[in-house]
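Reading the structure
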2 protein chains.
Amino acid sequence: MARAGLTVERVTVAGADLADEVGLGQVTMSQVARRLGVRDASLYTHVRSLKDLQGRIALLAADEKSIQIAEATAGRAGKDALVAFANAWRAYAHRYPGRYLATQTPIQIAPELAAQAPGPRRAVELTYGMLRGYGLAEPDLTDAVRLLRSTFHGFVALEAAGGFAHERSPQQSWVRTLDALHALLEHWPPAEEGHSS
Amino acid sequence: MARAGLTVERVTVAGADLADEVGLGQVTMSQVARRLGVRDASLYTHVRSLKDLQGRIALLAADEKSIQIAEATAGRAGKDALVAFANAWRAYAHRYPGRYLATQTPIQIAPELAAQAPGPRRAVELTYGMLRGYGLAEPDLTDAVRLLRSTFHGFVALEAAGGFAHERSPQQSWVRTLDALHALLEHWPPAEEGHSS
DNA sequence: TTGCTTTCCTAGGGGTACTAGGATATTCCT
DNA sequence: AGGAATATCCTAGTACCCCTAGGAAAGCAA
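Overview of the structure. (Residues numbered from 1 in each chain as written. Chains lettered and ligands numbered in written order. Predicted model: local features only at pLDDT ≥ 70, side-chain atom pairs only at ≥ 80, totals over all residues. Heavy atoms only, no water.)

When chain B is fitted onto chain A, the two copies agree to an RMSD of 0.0 Å after a turn of 180° and an axial shift of 0.0 Å. Such a turn and shift between the copies fits a two-fold axis. Both copies contact each other with a shared surface, as 100% of the interface residues of chain B are interface residues in chain A too. (Least-squares fit on C-alpha atoms with pLDDT ≥ 70 in both. Contact = heavy atoms within 4.5 Å.)

Structure follows, in structure tokens:
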């Protein structure tokens with residue numbers, strides 16, 4: 001009887017694929033083990049717990065997403081970069097719904113695991129880089145980064161949750177949303193004085 | 001032995017409270033039953049399944065949230081209304097994290113249940129109403145509604161997921177985000193011609 | 001009071017996460 | 001190559017979970 005040849009990576013990918021195919025909630029130790037032709041107890045050699053596996057799936061997705069965005073925005077600037085960035089984000093969420101959903105889970109990832117995964121930080125850095133052309137200075141830059149990330153994430157999350165029941169297609173709203181964000185970034189309002197809260 | 005006097009509503013509220021206190025993932029039939037001083041099998045008289053209960057918690061939260069927003073925006077217009085609307089949204093997510101998270105779950109609510117719950121639709125209608133003062137016409141109006149809802153939801157979702165690790169406080173970014181959205185709504189870009197996709 | 005309805009119970013099947021400890025494949029060292 | 005060491009995968013078992021079936025008893029109606 002040969003061994004199955006499992007690794008942390010293979011287990012994580014199996015879990016991620018399962019999440020995309022049948023939903024994140026169906027990603028159980030038993031199901032992942034079954035898919036790998038192995039007993040569930042065998043997975044604990046490679047993964048500490050189900051929570052640990054979920055965290056690894058989330059970090060895998062963050063890495064993959066940041067890579068997709070980096071490739072899409074390479075060599076672009078201004079609105080070109082903004083549109084490429086946003087479309088890559090949304091495309092990833094559409095193509096890998098289970099993986100993407102895993103990134104949404106309120107954070108409870110082991111710190112030492114998160115430390116060596118560049119995905120989340122890289123994605124934020126890419127957002128800063130993409131905004132370079134708009135000439136914003138801190139702290140407006142950070143606020144703009146957060147606004148963009150919020151809008152991108154919120155849009156695909158509402159889309160996935162069925163929040164856009166209106167007859168107008170989400171795609172049309174998405175295109176116009178990017179138009180609007182571009183216009184906003186080019187005319188970022190100055191900070192009002194007098195209120196520091 | 002007196003009866004416990006359960007109803008669908010009491011079970012739903014118990015589940016919602018549990019979600020806020022210990023996390024949505026800890027909302028199990030067993031835990032809810034324990035909290036109500038009852039065996040888990042007894043809950044099935046009032047609720048069809050755990051999925052059903054989760055759906056009811058989500059609809060309860062949507063109702064509550066829309067009520068909070070309606071109260072906060074009553075009698076306000078323009079930026080006042082925008083800020084009140086957004087702050088009520090975010091405050092609800094902060095105060096009732098489990099309930100709010102329940103509203104995010106990709107939709108699988110029984111249609112006949114969703115039909116009689118006004119929450120989700122009401123929230124969208126409130127958003128349209130809040131935008132009345134900005135003078136947008138369809139289809140820009142729908143696009144703006146979707147943009148706003150995406151940004152509000154995305155912001156609190158990223159906030160809850162620990163996505164704002166930077167030193168700048170989320171509160172500051174939130175205030176500036178509202179400034180930016182207000183400016184955007186007052187100068188909504190016209191549709192570009194020539195591309196219908 | 002007597003029956004009827006509803007609520008809550010006990011009992012139990014099947015699934016899941018996870019641990020302990022044993023067997024076996026693979027590797028490393030001499 | 002052979003034997004020791006290591007890592008992988010297994011069986012066995014506990015505890016918790018969802019959910020169903022069927023029975024007891026509380027509340028209600030006549």
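A word on the pattern of salt bridges. Here the structure, examined in full by the defined rule, presents 26 salt bridges over all chains. A salt bridge links Asp17(A) to Arg99(A), with the shortest nitrogen-to-oxygen separation between them at 3.0 Å. You can see Asp17(A) sitting in helix H1 (residues 8–22) and its partner Arg99(A) sitting in helix H5 (residues 97–104), a full 82 residues away along the chain. In this structure Arg99(A) comes out as buried when scored by relative accessible area, which is 5%. A salt bridge links Arg121(B) to Glu125(B); the nearest nitrogen and oxygen atoms lie 3.6 Å apart. Remark: Glu125(B) and Arg121(B) occur in helix H7 (residues 119–130); sequence separation between them is 4 residues, near one turn of the helix. Given a relative accessible area of 55%, Arg121(B) falls into the exposed group. Among the charged side chains, a network of salt bridges with common partners joins Asp17(A), Asp20(A), Glu64(A) and Arg99(A). (Salt bridge = Lys/Arg side-chain N within 4 Å of Asp/Glu carboxyl O. Helix = DSSP H or I, 4+ residues; strand = E, 2+ residues; numbered from the N terminus. Buried < 20%, exposed > 50% of the residue type's maximum accessible area, 1.4 Å probe, protein only.)

Time to look at the protein's contact with DNA strand C. Around DNA strand C, a shell composed of 22 residues is seen, among which Arg3(A), Met29(A), Leu50(A), Gly5(B) and Ser42(B) lie nearest. Within 4 Å of the protein, the contacting atoms of DNA strand C are drawn from sugar and phosphate to the extent of 68%. Here a base nitrogen of DNA strand C sits 3.5 Å away from a polar atom, N or O, in the side chain of Asp40(A). Within the contact set of DNA strand C, a phosphate oxygen lies 2.8 Å away from a backbone nitrogen or oxygen of Gly5(B). Here the element with the most residues in the surface near DNA strand C is helix H2 (residues 29–35) of chain A; it accounts for 4 residues. Here the surface near DNA strand C is built from residues that sort into 9 nonpolar, 8 polar and 5 charged. (Near = heavy atom within 4 Å. Polar contact = N/O pair within 3.5 Å; in protein donor to acceptor, adjacent residues only side chain to side chain. Nonpolar A, V, L, I, M, F, W, Y, C, P; charged D, E, K, R; others polar.)

Once that is clear, we can look at the side chain of Thr142(A). If you trace the backbone, Thr142(A) turns up in helix H8 (residues 140–160). Among the polar contacts listed, one links the side chain of Thr142(A) to the side chain of Glu138(A), at a separation of 2.8 Å. In contact with Thr142(A), not counting residues within four places along its chain, are Tyr128(A), His166(B), Arg168(B) and Ser173(B).

Counting through the fold element by element, Ser42(B) comes out in the loop between helix H2 (29–35) and helix H3 (50–73). In this structure, the C-alpha to C-alpha distance between Ser42(B) and Met29(B), residues 13 residues apart in sequence, is 9.7 Å.

This paragraph deals with the side chain of Thr151(A). Structurally, the position occupied by Thr151(A) is in helix H8. Among the polar contacts made by the side chain of Thr151(A), one reaches the side chain of Thr151(B) at a distance of 2.8 Å. Look past the residues within four positions of Thr151(A) in its chain and what remains in contact with it is Thr177(A), Leu181(A), Leu147(B), Ser150(B) and Thr151(B).

The description of two aromatic rings rests on the distance between their centres and on the angle between their planes. Residues and elements named next belong to chain A. Considering all chains together, one arrives at 14 aromatic pairs over all chains under this definition. Taken together, the aromatic side chains of Phe 85, Trp 89, Phe 152, Phe 155, Phe 164 and Trp 174 make up a single cluster linked through ring pairs. Note that Lys 65 overlies the ring of Trp 89, its terminal NZ or CZ placed 3.4 Å from the centroid. (Phe/Tyr/Trp six-rings, centres within 6.5 Å; stacked < 30°, edge-to-face > 60°. Lys NZ or Arg CZ within 6 Å of the ring centre and 35° of its normal.)

It is worth spelling out the nonpolar core at this point. In globular proteins that are soluble, nonpolar side chains generally tend to be buried together. Ranked by size, the top nonpolar core spans 68 residues in total, and within it Leu131(A), Phe152(A), Leu185(A), Leu131(B), Phe152(B) and Leu185(B) carry the most contacts. When neighbours within four sequence positions are excluded, Leu185(A) is seen to be in contact with Leu82(A), Leu131(A), Tyr134(A), Leu136(A), Ala144(A) and Leu148(A). (Core = buried A, V, L, I, M, F, W, Y, C linked by side-chain atoms within 4.5 Å.)

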